[in-house]
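# Structure assessment
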Amino acid sequence: MKSDELLALFLRRGVLWPTAEIYGGAQGLYDYGPLGAALKRRIEDAWTSWFVGLSPDYYRIEPAELLPEAVVRASGHLENFTDPEIVCDACHTPFRAETVLEAVRPEGVDGLSVAQIAEIAHANHVKCPRCGSEALSVPAPFNMMFGVDFGVTGKERAYLRPETAQNSFLAFPRMWEVGRHALPLGVAVVGKAYRNEIAPRQVLFRLRAFTQAELQIFFDPEHFDRPIDPFRDVRLPVLRVERRERGEETPEFIRAEDLVASGGLPAFYVHHMVQFHRFFREVLAYPEESIRFFEKSEKERAFYNKIQFDAEVRLESFGGYKELGAVHYRGDYDLTRHAEGSGKDLAVTVGEGRSVLPHVLELTFGVDRNLWGLGDLHLRTEDARTVWHLPPFLAPVSVGVFPLIAKAHGAYAQRLADDLARAGLTVQYDAASSIGRRYARIDEAGTPYGVTVDAGTLDEGPEHDTVTVRERDSRSQARVPVGELVGRLAGALRLPRPPRI
Ligand code: GAP
């Protein structure tokens, strides 16, 4: 589906809409309606269950979204969290330098200095993408954080967190006490991050307020035994830097063991790439051929990273691969910076009295981008019907309950809907229009099951106390005893979890 078609469908079904729409919207801000909010919660819960479920020593916390200035100074965000900006002197539109140079430098401007960007712009006579003027400003770094006055004096500064990760670093000493005094220790945050993006665009892809799900795994660099053996033969779709430099865009499928043995990657890193890949495949059901792990070179990596592979998925709506998450090896960068900034010793004592400043492996995941990805990859038009083939456990509504004829079967169906809701299922009762239309409505909303109450249910005959259960993907219909309904549906809606290694 093209992006404008997908957006139109999302708007029509109330999945999302622009914030402050009656005022013309606000760039880079979207609100989620009932379907979107429910789907987003399901994605967050599935992420938490999978990644926090990797170890009993991994925890999810809920920290504040505002950070004192000292934190972002120490973390390097005040100095380095910038995007080069070019302003058109004719129409005064600000652009990301990457956008202005797109035609002459499709690989982007990561790692280039502003002087190098200026040189490329000048040499290629690049023009303003909006008005076509060549009168462009010299590129300048633009800090993407939102700063706010903090407190009543207006003299203190705070910042809306640019990444949820910072809270986990700040929480580390407390979590060490709360946990079992053992490494690895995982601290996860799912919540809003804020970036004053120069050019918000592509709906949920470049937002100014978005949701990240991030797990920081603090580990002892001398002992981080995450085995590769169980995954030895798993082939990961990887696009390494050398292959990219040869102009290749498609990934190679490389055995996990080979990525360690001859690919020079640490076993703990590859282990978590596999876990990430499995989440994409087994939970979000992204097609294998759409996924790739895109290695960033030393120049392109975020300033805090030692190893970075972006988890990318090919989306029809945007005509190419898009970054939906990443695996970052941040080393001891963050704890070193925060130890210096706060004056607190953040090293911990392990084993036989050895003092260790933990290293960090970060698994980061963009919730909004993946919500869009689930629309792009699983919404299909079939026989003039739109069906959202969401994995059943992610569907915002699990089951639709319908009386075949409202007057005759409504009371029974309403009671049944209440019973299913009491049993913990998300239920939509719908008595309006033909049964075909009702099925079509739930197909489009991704609801995996429709339950219809009809004359047979109420008769004394052989179909007494049975209902028709219709399955979204196959459209098959089966008579099921009402007493077995909760058990059958709950089984089909169970969330996959990773096996503990
Ligand atoms: N803690 C590491 C970090 O923040 P990042 O690559 O800047 O790394 C992580 O962001 C993820 O957050 C991305 O993979 C993407 O899914 C999501 N993300 C980043 N900027 C975003 C934006 N402006 N709008 C929507 N999602 C965004």
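Residues numbered from 1 in each chain as written. Predicted model: local features only at pLDDT ≥ 70, side-chain atom pairs only at ≥ 80, totals over all residues. Heavy atoms only, no water.

## Some thoughts on the site of the ligand
Short version of the rule: The criterion for a residue being near a molecule or strand is simple. One of its heavy atoms has to lie within 4 Å of it. Whenever two N or O atoms come within 3.5 Å, that pair is a polar contact, provided that in protein one can donate a hydrogen and the other can accept it, and provided that, for residues adjacent in sequence, both atoms are side-chain atoms. Only the protein chains shown count as cover for residues, and the accessible areas themselves come from Shrake-Rupley with a 1.4 Å probe. We count a stretch as a helix when DSSP gives it H or I for four or more residues in a row; a strand needs E for two or more, and each element gets its number in order from the N terminus.
Among the 21 residues in the neighbourhood of the ligand, the closest are listed as Glu163, Arg195, Glu214, Glu323 and Glu362. At 2.6 Å, a side-chain N or O of Glu323 approaches an oxygen atom of the ligand. Separating an oxygen atom of the ligand from a backbone N or O atom of Gly366 is a distance of 3.3 Å. Coverage of the ligand by the protein amounts to 93% of the 550 Å² it exposes when considered alone. Of all the secondary-structure elements, those providing two or more residues to the shell around the ligand are strand S11 (209-219), strand S16 (320-331) and strand S19 (359-366). Of all the elements, S16 adds the most residues to the shell around the ligand, at five residues.

## Examining the packing of aromatic side chains
Selection criterion: A pair of aromatic rings is counted whenever rings of Phe, Tyr or Trp (Trp by its six-membered ring) have centres within 6.5 Å, and the orientation is called stacked for planes under 30 degrees apart, edge-to-face for over 60 and tilted otherwise. Three exposure classes are used, based on accessible area relative to the maximum for each residue type with a 1.4 Å probe and protein chains only: buried under 20%, partly exposed in between, and exposed over 50%. The rule is short: NZ of Lys or CZ of Arg within 6 Å of the ring centre and within 35 degrees of the ring normal puts a charge over the ring.
For the coordinates displayed, the defined rule picks out 24 aromatic pairs. Between Phe279 and Phe365, the aromatic rings sit 5.6 Å apart at their centres with planes inclined by 80°, giving edge-to-face as the arrangement. Of this pair, Phe279 sits in helix H10 (residues 267-283) while Phe365 is found in strand S19, placing the two residues 86 residues apart along the sequence. Assessed through its relative accessible area of 0%, Phe279 is described here as buried. Seen in terms of ring centroids, Phe402 and Tyr439 are 5.7 Å apart; in terms of plane orientation they differ by 70°. Their pairing is edge-to-face. Taken together, the residues span a long stretch of sequence, with Phe402 in strand S22 (residues 399-403) and Tyr439 in helix H14 (residues 435-445) at a distance of 37 residues. The exposure class assigned to Phe402 is buried, which follows from its relative accessible area of 0%. Given the relative accessible area of 8%, Tyr439 is considered buried. Among the aromatic residues, those joined into a ring-pair cluster are Trp47, Trp50, Phe51, Phe276, Phe279, Phe280, Tyr286, Phe293 and Phe365. The ring of Phe318 has Lys322 sitting right over it, with the charged end atom 5.5 Å from the ring centre. Taking NZ or CZ as reference, Arg470 lies 4.5 Å from the ring centre of Tyr439, over its face.

## Digging into the sheet that holds strand S13 (residues 252-255)
Put simply, the rule reads: At least two bridges found by DSSP between two strands are what make those strands a pair. Every axis corresponds to a line fitted to the C-alpha atoms, with the helix fit spanning only the stretch in contact, and the corresponding angles, defined between N-to-C directions, vary from 0 to 180 degrees.
Strand order in the open sheet formed by nine strands is S3-S10-S11-S19-S16-S15-S14-S12-S13, and the pairing between neighbours is mixed. Unpaired on one side and paired on the other, strand S3 (58-61) and S13 mark the two borders of the sheet. Strand-to-strand, the axes of this sheet are offset by a mean angle of 30°, without reference to chain direction. Sheet topology places S16 next to S19; six bridges connect them, and they run antiparallel. Residue pairing for S19: Tyr329 is matched across the bridge by Leu361.

## Things to note about the packing of helix H1 (residues 3-12) against helix H12 (residues 367-378)
Where we set the bar: Reported orientations rely on four angle classes, namely roughly parallel under 35 degrees, roughly antiparallel over 145, roughly perpendicular from 65 to 115, and oblique for the rest. In this description, contact between two residues means that some pair of their heavy atoms is separated by no more than 4.5 Å. In this count, Pro and Cys sit with the nonpolar residues alongside Ala, Val, Leu, Ile, Met, Phe, Trp and Tyr, while Asp, Glu, Lys and Arg are called charged and the others, Gly among them, polar.
The contact between H1 and H12 brings their axes to 11 Å, and the two run at 105°. In terms of orientation, H1 and H12 fall into the roughly perpendicular class. Here H1 contributes Ser3, Leu6, Leu7 and Phe10 to the contact with H12, which in turn contributes Leu371, Trp372, Gly375 and Asp376. A per-class count over the contact of H1 with H12 returns five nonpolar, two polar and one charged.

## Points about H1
As a reminder of what qualifies: This arc corresponds to the set of directions leading from the helix axis out to the C-beta atoms.
Residues Leu6, Leu7, Leu9 and Phe10 constitute the buried set of H1. Along the axis of H1, the buried residues cluster in a sector spanning 160°; they form a single face. The exposed residues of H1 that point more than 90 degrees off its buried face are Asp4 and Arg12. Once H1 finishes, Gly14 follows within two positions and takes phi at roughly 70°, a positive value.

## Observations regarding the nonpolar core
Selection criterion: Side-chain atoms within 4.5 Å are what join buried Ala, Val, Leu, Ile, Met, Phe, Trp, Tyr and Cys residues into a set we call a nonpolar core. Throughout, the edges of the domains are those of an automatic or database domain assignment.
The biggest cluster of nonpolar side chains holds 75 residues, and the ones touching the most others in it are Phe10, Phe280, Phe365 and Trp372. Counting contributing residues, this core receives three or more from each of domain 1 (3-63 + 164-379) and domain 3 (387-492). If we ignore the near neighbours within four places in the chain, the residues touching Phe280 are Ala285, Tyr286, Ile291, Ala311, Val313, Leu324, Phe365 and Asn370. In this structure, Ala171, Val187, Ala339 and Leu346 belong to the second largest nonpolar core, which totals 19 residues.

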